[in-house]
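Now for the letters of each chain:
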Amino acid sequence: MERRRALGVLAFAMVIGSALLVVAILEIVLTYLGLAPVIDVVLGLIVVWLVVTLGSGWLTRS
């Protein structure tokens, strides 16, 4: 049981880390292209995706 919990924490950390990396890359690209206002929309969509993913329990299923 403890091993499953550790794997769940690792999966959670990987998802959060991946999301932060994607957000950083998108911010750089969109700022470079002059589409800075789009960043708010993209960040909102990523936050919604994370909330739905974490709320559904997808990461904690065994």
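Predicted, not measured: the structure shown is a model, and the values here were computed from it.

Asks: Lay out the overall build of the protein in plain terms, naming residues and giving numbers.
Replies: Check the secondary structure of the protein and you find 2 helices and 0 strands. The buried share of the protein, taken over its 62 residues, is 19%. Of the accessible surface of the protein, which amounts to about 5000 Å², a share of 74% is contributed by carbon and sulfur atoms.

Asks: Please provide a residue-by-residue account of a nonpolar patch on the surface, values included.
Replies: Together, L21, I25, V29, Y32, L33, L35, V38, V41 and L45 make up an exposed nonpolar region whose accessible area comes to about 910 Å². Contributions of two or more residues to the nonpolar patch are made by α1 (2-32) and α2 (38-56). When residues of the nonpolar patch are assigned to their parent elements, the largest contribution, 4 residues, is made by α1. Position of L33 among the secondary structure elements: in the loop between α1 and α2.

Asks: Can you explain the nonpolar core? Please cite residues and give values.
Replies: Judged by nonpolar contacts, V15, A19, V23, L30, I39, V42, I46 and L50 together constitute the single largest core of 8 residues. When residues of this core are traced back to their parent elements, those giving at least two are α1 and α2. When near neighbours in sequence (up to four residues on either side) are disregarded, L50 contacts V15, I16 and A19.

Asks: Please set out α2 residue by residue, giving values where relevant.
Replies: Between the first and last C-alpha of α2 there are 27 Å, a value that for 19 residues agrees with the 27 Å anticipated at 1.5 Å per step. All buried positions along α2 are accounted for by I39, V42, I46, L50 and T53. Buried residues of α2, viewed axially, fall in a sector of 75°; they line one side. Those residues of α2 that are exposed and aimed more than 90 degrees away from the buried face are D40, V41, L45, V51, V52 and G55.

Procedures and definitions
Residues numbered from 1 in each chain as written. Predicted model: local features only at pLDDT ≥ 70, side-chain atom pairs only at ≥ 80, totals over all residues. Heavy atoms only, no water. Helix = DSSP H or I, 4+ residues; strand = E, 2+ residues; numbered from the N terminus. Buried < 20%, exposed > 50% of the residue type's maximum accessible area, 1.4 Å probe, protein only. Areas by Shrake-Rupley, 256 points an atom, 1.4 Å probe, with all protein chains shown as cover. Patch = residues over 30% accessible without salt bridge, like charges linked within 9 Å, V, L, I, M, F, W, Y side chains within 5 Å. Salt bridge = Lys/Arg side-chain N within 4 Å of Asp/Glu carboxyl O. Core = buried A, V, L, I, M, F, W, Y, C linked by side-chain atoms within 4.5 Å. Contact = heavy atoms within 4.5 Å. Expected span 1.5 Å × (residues − 1). Arc of directions from axis to C-beta.

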